[in-house]
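Fold and geometry: a report
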Amino acid sequence: MKKLSEREEEIMGILWSRGPLFVREIVDAMPEPRPHFNTVATFLKGLETKGWVEKEMLGNANRYRAVRQLEPYREQSLKSMISRFFGGSTFSLVSTLTRNEEISADELRELIDMIEKNK
């Protein structure tokens, strides 16, 4: 699965969280400064070509929906990040999060419980 650009991820995130939308609705959901309508339409055309979205013509406008699911993309992106930035070590990732206080002791205990339940 190929990595998406930052803008493509942003658009997919909106579709994953809000469901099928028209281009105008996607633009309106984006933070300021919002890209131009045509820019978003161009990205959607590319995402459609790559098989990430499908469009449905309703009246005179296209409504887009995500075809691929978030979870597999999230997992693949995380594995790639761990490989590139942490030498493939999940332990290094968690240590960094702990060191920078991005994860609490309670959250670590919850992770340990999850790991033990999965054994």
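Heads up: the structure comes first, above all this text.
Attention in this report is confined to the structure presented alongside it. (Residues numbered from 1 in each chain as written. Predicted model: local features only at pLDDT ≥ 70, side-chain atom pairs only at ≥ 80, totals over all residues. Heavy atoms only, no water.)

**Some points on unusual backbone geometry**
Put simply, the test is: Segments assigned H or I by DSSP are reported as helices when at least four residues long, segments assigned E as strands when at least two residues long, and all are numbered from the N terminus.
Geometrically, the link from Glu32 to Pro33 is a cis peptide bond, its omega value of -10° lying close to zero. Residue placement: Pro33 occurs in the loop between helix H2 (23-29) and helix H3 (37-49). For Glu101, which is not glycine, the phi torsion reads 55° and is therefore positive.

**Comments concerning the environment of Ser17**
This is how the line gets drawn: Under the rule applied, a polar contact is a pair of N or O atoms within 3.5 Å (in protein, one hydrogen donor and one hydrogen acceptor; residues adjacent in sequence only if both atoms are side-chain atoms).
Locating Ser17 in the fold gives a position in helix H1 (residues 6-18). For the pair Ser17 and Arg7, spaced 10 residues apart in sequence, the C-alpha to C-alpha distance is 15 Å. Only 3.2 Å separates the side chain of Ser17 from the backbone oxygen of Ile14, close enough to count as a polar contact.

**Looking at the packing of aromatic side chains**
The condition is simple: Ring pairs are drawn from Phe, Tyr and Trp, using the six-membered ring of Trp, whenever the two centres fall within 6.5 Å, and their geometry is named by plane angle: stacked under 30 degrees, edge-to-face over 60, tilted for the rest. Think of it in three bands: with a 1.4 Å probe and only protein chains considered, a residue is buried below 20% of the maximum accessible area for its type, exposed above 50%, and partly exposed in between.
Counting across every chain of the model gives 3 aromatic pairs. Aromatic side chains Trp16 and Trp52 sit 6.4 Å apart centroid to centroid with 70° between the ring planes, which places their arrangement in the edge-to-face category. Taken as a pair, Trp16 in helix H1 and Trp52 in the loop between H3 and strand E2 (53-58) lie far apart in primary sequence, 36 residues in all. Here the aromatic rings of Trp16 and Tyr73 are separated by 6.1 Å at their centres, their planes lie at 35°, and the arrangement is tilted. With a gap of 57 residues between them, Trp16 in helix H1 and Tyr73 in helix H4 (residues 70-86) connect regions that are remote in the sequence. Of the residues examined, Tyr73 reaches a relative accessible area of 4% and is grouped as buried.

**Description of helix H5 (residues 90-99)**
Structurally, the start of H5 carries an N-cap: the backbone nitrogen of Phe91 is 3.3 Å from a side-chain oxygen of Ser89. One or two steps after H5, the chain reaches Glu101, where phi turns positive at roughly 55°.

**Re the packing of H4 against H5**
This is how the line gets drawn: Axes here refer to lines fitted to C-alpha atoms; in helices the fit is confined to the stretch in contact. Angles between the N-to-C directions go from 0 to 180 degrees. Each angle receives one of four descriptions, namely roughly parallel if under 35 degrees, roughly antiparallel if over 145, roughly perpendicular if within 65 to 115, and oblique otherwise. Throughout, a contact is declared for two residues whenever any of their heavy atoms are within 4.5 Å.
In contact at an axis separation of 9 Å, H4 and H5 are set at 85° when each is read in the N-to-C sense. As judged from the angle between their axes, H4 and H5 are roughly perpendicular. Together, Leu78, Met81, Ile82 and Phe86 of H4 and Thr90, Ser92, Leu93 and Thr96 of H5 make up the contact between the two elements.

Scope: geometric values only; no functional claims are made or implied.
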